[in-house]
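Observations on chain architecture
Each chain is listed here by its residues.
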Amino acid sequence: MLTVSSTHQDFLQDLNGRIAIMHSSQIDRLNDLSYAMALGKVTLLNLDPVIDVISHLYSSRGRPAADPRMLIRSLILMYHFQETSIQLWHDRLEYDFLLRVLCGISGRNPAVGTYYSLMDRLYLWDISVNILPAGKNNKPKKAKKPKGKPGRKPKNSASPPDSDIDQSGTPNPTRKGEKMNLNPPGATTSLAIQAQMGEIDPERSIRILQALFKEIAVEPSIAMGLIDPGNLILSGDGTAVYVHANNRGHHLLEYTGTEKFDTLRRYSDPDASIGFDSDKGDYYFGFTGYFNVVHNSDKNIDLPIHFMIESAREHDSTISIKAINQVRHLYPNINITHLCLDSASDNEATFQLCENWSINPVIDLNKRRGKGTEKGSVTISSTGKPICKSGEEMYCTGFDKTHNAYKYRCPYVMKRIPECSHRDECSKGTYGLSVYLKCNSARERAMQKHGTKEWKTVYNNRTSCERVNNRCLNDYGLHKTKTRTQRRISFVTFLVCVNIHTDAWLKEEKAANN
C-alpha cells in the first residue's frame, strides 16, 4: 500500500532544517564538489510526479510501502557518487549521516531488498526462467556457401525483392565497423507498416520507466529551455552494453549422472545474448542500449529523451523504427523536424516512414548497397546521384516542375571542377550535359540532399549520441556495473539518464548565476 502525503517542498524544508543544525564537519563536506553537486541535484529534482505514474502498481491495502521517491533519489545519488553496488551503497548509508540527509532518509535505512523490489515492480516483467538449454548463447553459425558455379545462383533458389533486402550488416561480422544483422527479409518494412498504422506495444515492460523519465527529467528540461519542442533535431544510435556473466551457464549439480546434466544450464542472466561490438570488432555478451538524443548547440548540452535496452542480437535498423515510434507516442507535442541516424538505418522502410511523418531523414550512406547502375552516358551512384564520365558528381540545380524531376548539370560548366578531358564528348554546346532524374522512392528523394552543406550541418548533431553513450557507459559506470537481467539494467539506464539531465540543470543554473 502506497501512503505518501509529503511533497517536494516538504522535502526541501526538512533538508534545509537538518543542514542548519549539522556539525561544522558535515558542513565542510558539503563544500566538496561532489557533495555540492549532489545537494544541487536533489534540490532541483522534483520527484512528485512519480506518485501519479506508479500509484496504480501498488495495492490499496496492506502494509505501507517505503516512499518510492526516497528510494529513487537514493539510487540516483548512488550513481552520482559512481557506486554501482546497492549492497555497498546500503552499507555506506549506514554510517554516513550526510548522505542519508541528502537522500531524504529520516528513519531506518531501507534494506537492500527494498531497492530490488522497486526495480522489479517498475519494469513490469515476470522474473525470467534461469534454467535453459545448453548452447542458448552460441554465436550465429556461418552461412553455407551455395553450391554451383561461382557467380551463378544455385538451382531452385529465390531471392527476396530488392525493397525487402537489408544490406546494413552481415550475419557473421569479423572486423571493426561491421554490424551483426540477423533480420529476416522484410523485417524493417513490417515494423514501418505497423508504426505507420499507429501500432505500438502498449504492454512493453519498459514503458513505466520511460514515462517516469519523461515526467521527472525531460519535461523539466523542456521547461528550462534546454530542449526546443517546436524544432527538434533528434539523433539515435545503439551501443553495446556488456554483462559480466558467463554466457555458457553453469552445470546443475542436482542433475549429475543424468541426461539433463549435459542438456540444461543455469544462467545468471537468462535475458542476455551474444552480439557484435562494431567499435571493438569482437563479440560480446549482453544487450544493445539505444538512445535518442537532442543536442543544444547554444548551451553545448547533449540530453537523452528516450532509451531502450534490447537484445544484443537485434540490429539497429529495427530498433530505430521502434524507438522513433515510441518517441512520437511519448511526446505527442514535440515536433521532430530531422532524424539523424547512421548507415544501419539506410533502408527504404525508414525513409518512407519519415516521409509519411513529415520528418526529414538525415541518414548516412551504407556502402554495402553497391557502386551504382549505368543510365545512358552517366552512372547513377548508390546515393541516387549521377556521375559523369570524368568521375565527378554532377551539380544539382534543383527540382524542375516541368519535367517532374531533379535537374543535374555538368560540373565543369558549373565551375565545380577546373578542367575536364571529356568536355567535347558529353555535349558540343556551351550549356553542357544536363540530366533529369525522377525519384521513384523515398530514399532516392532524400538522397538528393545527401552530402550537401545543409545535410552535413544537421548530421553533425549525431555526434551527441556518441557523447551520451560515453557518459552512460564510462562516466556513470554502466559498463562496470555487475547488474544483470534486462529489467535491472533498464532501471540502471534510467538512473544514469536522469543524472545526465540533472548535470545539465546544474550547468544551466551556474551559467545563469554568472
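Quick look at the structure, then.

Before going further, it helps to spend a moment on the packing of aromatic side chains. In this structure the tally under the stated criterion is seven aromatic pairs. Ring plane angle 50 degrees and centroid distance 5.0 Å describe the contact between Tyr35 and Phe81, whose orientation is recorded as tilted. One end of the pair, Tyr35, is in helix H3 (residues 33-44); the other, Phe81, is in the loop between helix H5 (68-80) and helix H6 (86-95), and 46 residues separate them in sequence. Looking at Tyr35, the relative accessible area reads 9%, which means it is buried. Of the residues examined, Phe81 reaches a relative accessible area of 13% and is grouped as buried. Taken together through their ring pairs, the aromatic side chains of Tyr35, Phe81 and Trp89 make up a single cluster.

This brings us to the sheet that holds strand E13 (residues 405-409). Spatially, the three strands line up as an open sheet ordered E12-E13-E14, and their pairing is antiparallel. Since the sheet does not close on itself, it has two edges, and those belong to strand E12 (395-400) and strand E14 (434-437), each with one partner. Averaged over all pairs of adjacent strands, the angle between strand axes in this sheet comes to 25 degrees, irrespective of strand direction. Strand direction decides the pairing type here: E13 and E14, joined by four bridges, are antiparallel. Bridge pairing links Lys407 to Tyr436 in E14.

At a minimum axis distance of 9 Å, the contact between H5 and helix H18 (residues 486-513) shows a crossing angle of 75 degrees. In terms of orientation, H5 lies roughly perpendicular with respect to H18. The residues of H18 that touch H5, namely those facing Ile72, Leu75, Ile76, Tyr79 and His80, are Phe491, Val492, Phe494, Leu495, Val496, Val498 and Asn499. Among the residues forming the contact of H5 with H18, the class breakdown is ten nonpolar, two polar and no charged.

On inspection of all chains with the given rule, the structure shows 14 salt bridges. Between Arg488 and Asp120 there is a salt bridge; the shortest N-O distance is 3.4 Å. Here Arg488, found in helix H18, pairs with Asp120, found in helix H8 (residues 112-123); they are 368 residues apart in sequence, far enough to count as distant. Exposure remark for Asp120: the relative accessible area of 23% places this residue in the partly exposed category. Arg462 serves as the salt-bridge partner of Glu466, at 3.5 Å between the closest nitrogen and oxygen. When its relative accessible area of 12% is taken as the criterion, Arg462 is described as buried. One network of salt bridges, in which partners are shared, links Lys41, Arg471, Asp475 and Asp503.

Before going further, it helps to spend a moment on the environment of Met180. Positionally, Met180 belongs in the loop between strand E1 (131-133) and helix H9 (187-196). Since its relative accessible area comes to 5%, Met180 is described here as buried. Remark: the alpha-carbon pair of Met180 and Ala312, spanning 132 residues in sequence, is separated by 9.2 Å.

Not every positive phi belongs to a glycine, and Ser358 is a case in point at roughly 60 degrees. One non-glycine residue, Lys415, adopts positive backbone phi at about 60 degrees. Along the chain, Lys415 turns up in the loop between E13 and helix H14 (423-426). By relative accessible area, which is 75% here, Lys415 ends up exposed.

About the cut-offs
Residues numbered from 1 in each chain as written. Predicted model: local features only at pLDDT ≥ 70, side-chain atom pairs only at ≥ 80, totals over all residues. Heavy atoms only, no water. Phe/Tyr/Trp six-rings, centres within 6.5 Å; stacked < 30°, edge-to-face > 60°. Helix = DSSP H or I, 4+ residues; strand = E, 2+ residues; numbered from the N terminus. Buried < 20%, exposed > 50% of the residue type's maximum accessible area, 1.4 Å probe, protein only. Pairing = 2+ DSSP bridges. Axes fitted to C-alpha atoms, helices over the stretch in contact; angles between N-to-C directions. Parallel < 35°, antiparallel > 145°, perpendicular 65-115°, else oblique. Contact = heavy atoms within 4.5 Å. Nonpolar A, V, L, I, M, F, W, Y, C, P; charged D, E, K, R; others polar. Salt bridge = Lys/Arg side-chain N within 4 Å of Asp/Glu carboxyl O.

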